[in-house]
Amino acid sequence: MMEKMIFGRYVPADSVIHRMDPRSKLILIFLFVCIVFLANNLLTYGFLTVYTFFMIALSKVPFRFIYTGLKPVLLLVIFTLFLHLFLTKEGEVIFQFGWLTIYEEGLRQGVFISLRFFLLILMTSILTLTTTPIEITDGLESLLAPLNKIKFPVHELALMMSISLRFIPTLMQETDKIMKAQTARGVDFASGPIKDRVKAIIPLLIPLFVSSFKRAEELAVAMEARGYRGGEGRTKYRQLSWGLKDTGMLALLAALTLVLFLLRT
Amino acid sequence: MKEPLVELKNVSFKYDTEAGFALRNVSFTIFMGEWLAIVGHNGSGKSTLAKLLNGLHFPLEGNITVGGIQLAEATVWETRKKIGMVFQNPDNQFVGTTVQDDVAFGLENHGIERNDMVQRVSQSLEKVKMAQFLDQEPHHLSGGQKQRVAIAGVIALRPDIIILDESTSMLDPRGREEVLETVRELKQDYNMTVISITHDLEEAAKADRILVMNKGQLYREGTPEEIFQMDDELVKLGLDIPFPVKLSKMLREKGLPLSRHYLSEEELVEELWTSHSKM
């Protein structure tokens, strides 16, 4: 189940967005997060929304995948909406019922801010839905490469990320195995008061930790035996290629930014 | 003639954490193109030996030469290119997120150019018959398949020697046979030297030569036939004699005129069903 949560996010499809260089996708998302804050009126928010849905359409990801990703945060978006709706007391009163008063400014702010939130989540979902975790890692390693100059361990960080990704399913399987073994010995994971359930996690965590450390040690020996000695002089098997579509997508975003600058009030 | 490839001279070794010597005054030679099995029960020093050969540890006393070069800090990377190791746990040596990434890991480490790398990855996977799993993730593979990927990772570097450090001990019989069959084929095709470290005498029976380790010392050295003559002595060392050897010994005790120890079931069956007609 957990595996689905982390890996099931990626939806394989053949689309422009899928084929984009992970670096350009990362840059795109980063810039998008910044320019979302430029929007401040109906027109600019309209443009942002159109752009976002255009990207979703391009990615060819079925909407129900995006929806399942959204579900847990949707509540937060609605909560934000109501918070602004009830607590902002500016502008004209547009609705009054008993103690409940809704002001114009509250409605405006509530809608805009929750829309902003909503669009951000949609865009980042597109990134994770169309890019495998290992591509994201490769993209990050490449983008952060300049930081090597200030002795920031970029290669090590990327290797750590990719090894973690590789071992998540392995450790999931192991957790499952230990859980079954401990259940067979009488540990009850599923019932009882919270205090007991938290306690029941201890006989699960300790063996898991012990075996993970053992794994780490063996892995280190195996890596060394295979000639690993840090990032220096290493070549890369995975290659990223920046294409016309990447430049095109960034140009489109630049155009959007320009529009936002011109139309904002 | 037999050409020496690896030579150990009076090698002793001790882990800092333990008081006793893990290896004591061990000397032997490994010849080019042979299949050498090193057997011994747990703690006999056989795995330590493997780590010394690959420069993961250095001997306290004595020295090791691989292909004429003495093993030391300065030469260790050169040596590691010549010696590939396959470890016991299939999961804990799988570094890449997919099969092809894992095979490429060793090549990346040695700074092989990408075009060459792509070619070697597909070639090596072809050799171990895992080519159709190029993009598979490790948790979808069986233990035997993972070990074959590990072997592909080793042969991609074109080593002279491949060390199997208990590589089949965590596999089911089918996986074990797959892996050993793969190594046998590779040995033939590339004229590689194979050092298999194991406590499975059944596996060792198929080697050209066996070294028996006990308590950090070289106990005996010989062909499988010679080693299995030791019978009870092997049992005392904590090793289990292969079934055909045991059976032929018992049959002889019952008075059957068997001429020698039979190392494989086929040999024994052949002898048994033809023995009557000879009389």
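Since this is a predicted model, take the numbers as computed values, not measurements.

Details of the overall build of chain A
A count of helical and extended segments in chain A gives ten helices and two strands. Going from N to C terminus, chain A has its helices and strands arranged as α-α-α-α-α-β-β-α-α-α-α-α. C-alpha extents for chain A along the principal axes are approximately 70 × 55 × 35 Å. When burial is assessed residue by residue, chain A has 21% of its 265 residues classed as buried. Sequence separation of 24 or more characterises 76% of the internal contacts of chain A that already satisfy a separation of 6 or more.

Details of the overall build of chain B
Secondary structure summary: chain B contains eleven helices and ten strands in total. At 20 Å, chain B has a C-alpha radius of gyration in line with the 19 Å of a compact globule built from 279 residues. For chain B, the spread of C-alpha atoms along the three principal axes comes to 65 × 45 × 40 Å. When each of the 279 residues of chain B is scored for burial, the buried share is 44%. Considering only intrachain contacts with a sequence separation of at least 6, the fraction spanning at least 24 residues in chain B is 66%.

Re the packing of helix α3 (residues 22-35) of chain A against helix α10 (residues 244-263) of chain A
Residues and elements named next belong to chain A. As a packed pair, α3 and α10 sit with axes 10 Å apart at the nearest point and diverge in direction by 5 degrees. Classified by the interaxial angle, the pair formed by α3 and α10 is roughly parallel. Facing Ser24, Ile27, Leu28, Leu31, Phe32 and Ile35 of α3, the residues of α10 in contact are Asp246, Met249, Leu250, Leu253, Leu256, Thr257 and Leu260. The class makeup of the residues in the contact of α3 with α10 is ten nonpolar, two polar and one charged.

Thoughts on the confidence of the model for chain B
In this model, chain B carries a mean pLDDT of 86, and residues with pLDDT of at least 70 account for 96%. With a pTM of 0.81, the predicted complex shows an ipTM of 0.84.

What to know about the pairing of strand β2 (residues 100-103) of chain A
All names here are of chain A. Sheet topology places strand β1 (residues 93-97) next to β2; four bridges connect them, and they run antiparallel. Considered in β2, the bridge of Gln96 is made with Thr101. Counting the residues between successive antiparallel strands, the hairpin from β1 to β2 contains two residues, one of them, Gly98, with a positive phi of roughly 60 degrees.

Details of the sheet that holds strand β2 (residues 23-31) of chain B
Residues and elements named next belong to chain B. Read from one edge to the other, the open sheet built from four strands follows the order β2-β1-β4-β5, with strand pairing classed as antiparallel. This sheet does not close on itself; its edge strands, each paired only once, are β2 and β5 (69-70). Bridge count between strand β4 (residues 61-66) and β5: two bridges; the pairing is antiparallel. Each residue of the ladder has a partner; that of Val66, found in β5, is Ile69. Packing of helix α1 (residues 46-53) onto the sheet brings it into contact with β1 (4-13), β2 and β4, and relative to β1 it is tilted by some 120 degrees.

Looking at the domain arrangement of chain A
Per the domain assignment, the segments making up chain A are domain 1 (2-131 + 241-263) and domain 2 (146-225). Inter-centroid distance (C-alpha atoms) of domain 1 of chain A to domain 2 of chain A is 34 Å.

Quick word on the domain arrangement of chain B
Residues and elements named next belong to chain B. Assigned domains of chain B: these are domain 1 (4-241) and domain 2 (242-279). Centre-to-centre, using C-alpha coordinates, domain 1 lies 33 Å away from domain 2. Across the contact, nine residues belong to domain 1 and seven residues belong to domain 2. For the side of domain 1 that touches domain 2, the secondary-structure elements that each account for two or more residues are α7 (201-204) and α8 (224-228). Sort the elements by how many residues they give to the side of domain 1 that touches domain 2 and α8 lands first, with three residues. Of the residues contributing to the side of domain 1 that touches domain 2, the split by class is five nonpolar, one polar and three charged.

Quick word on the nonpolar core
B:Ile38, B:Val39, B:Ala152, B:Ile162 and B:Ile163 are the most contacted members of the largest nonpolar core, which totals 77 residues. No other element matches helix α5 (residues 143-155) of chain B, which puts six residues into this core. In this structure, A:Met55, A:Phe118, A:Leu127 and A:Leu260 belong to the second largest nonpolar core, which totals 18 residues.

Quick notes on α5(B)
Residue and element names in this part refer to chain B. With 13 residues, α5 ought to run about 18 Å at 1.5 Å a step, and its terminal C-alpha atoms sit 19 Å apart, in line with that. Most of α5 is tucked away, with twelve of its 13 residues classed as buried. All buried positions along α5 are accounted for by Gly144, Gln145, Lys146, Gln147, Arg148, Val149, Ala150, Ile151, Ala152, Gly153, Val154 and Ile155. Looking at the packing, one finds that the buried side of α5 touches β6 (83-86), α3 (99-109), α4 (114-127), β7 (161-165) and α6 (173-190).

What about the UniProt feature "transmembrane region" (unreviewed entry) in chain A?
Residue and element names in this part refer to chain A. UniProt feature "transmembrane region" (unreviewed entry): in the numbering of this structure it lies at residues 26-59, 65-87, 117-134 and 244-263. As annotated, residues 26-59 has a helix share of 82% and a strand share of 0%, and its two end C-alpha atoms lie 15 Å apart. Summarising residues 65-87: 100% helix, 0% strand, and an end-to-end C-alpha distance of 34 Å.

Observations concerning α1(B)
Residues and elements named next belong to chain B. Here α1 lies mainly inside the structure; six of its eight residues are buried. Among all positions of α1, only Lys46, Thr48, Leu49, Ala50, Leu52 and Leu53 are buried. Once α1 ends, the next one or two residues include Gly55, with phi positive near 70 degrees.

Regarding the environment of A:Val210
Note that A:Val210 resides in helix α9 (residues 194-225). Along the backbone, A:Val210 and A:Trp242 are 32 residues apart, and their C-alpha atoms lie at a distance of 43 Å.

Digging into the interface of chain B and chain A
With 29 residues of chain B at the interface, the matching set in chain A holds 25 residues. Contributing elements (two or more residues each) for the side of chain B that touches chain A: α2 (76-82), α3 and α4 of chain B. Of the residues forming the side of chain B that touches chain A, the biggest block, six residues, is contributed by α3(B). Residue composition of the side of chain B that touches chain A, grouped by class: ten nonpolar, twelve polar and seven charged.

Some remarks on the sheet that holds β6(B)
Residues and elements named next belong to chain B. Strands sit in the order β6-β7-β8-β3-β9-β10 across an open sheet of six strands; the sheet is mixed. What marks the edges here is a single partner per strand, and that holds for β6 and β10 (217-222). In this sheet, neighbouring strand axes are inclined to one another by 20 degrees on average, regardless of whether the strands run parallel or antiparallel. For β7 and strand β8 (residues 193-198), the ladder comprises five bridges, and the chain directions are parallel. Looking at the pairing, Ile162 lines up with Val194 of β8. Each of β3 (35-39), β6, β7, β8 and β9 (209-214) is contacted by α1, which is oriented at about 150 degrees to β7, the strand it contacts most.

Definitions and limits used
Residues numbered from 1 in each chain as written. Chains lettered and ligands numbered in written order. Predicted model: local features only at pLDDT ≥ 70, side-chain atom pairs only at ≥ 80, totals over all residues. Helix = DSSP H or I, 4+ residues; strand = E, 2+ residues; numbered from the N terminus. Buried ≥ 20, exposed ≤ 12 C-beta atoms within 10 Å, placed from the backbone. Contact = placed C-beta atoms within 7 Å. Rg over C-alpha atoms; globule rule 2.2 N^0.38 Å. Axes fitted to C-alpha atoms, helices over the stretch in contact; angles between N-to-C directions. Parallel < 35°, antiparallel > 145°, perpendicular 65-115°, else oblique. Nonpolar A, V, L, I, M, F, W, Y, C, P; charged D, E, K, R; others polar. pLDDT = per-residue confidence, 0-100. Pairing = 2+ DSSP bridges. Domains from an automatic or database assignment. Core = buried A, V, L, I, M, F, W, Y, C linked by C-beta atoms within 7 Å. Expected span 1.5 Å × (residues − 1). UniProt positions renumbered as here; feature names shortened; annotations may be inferred.

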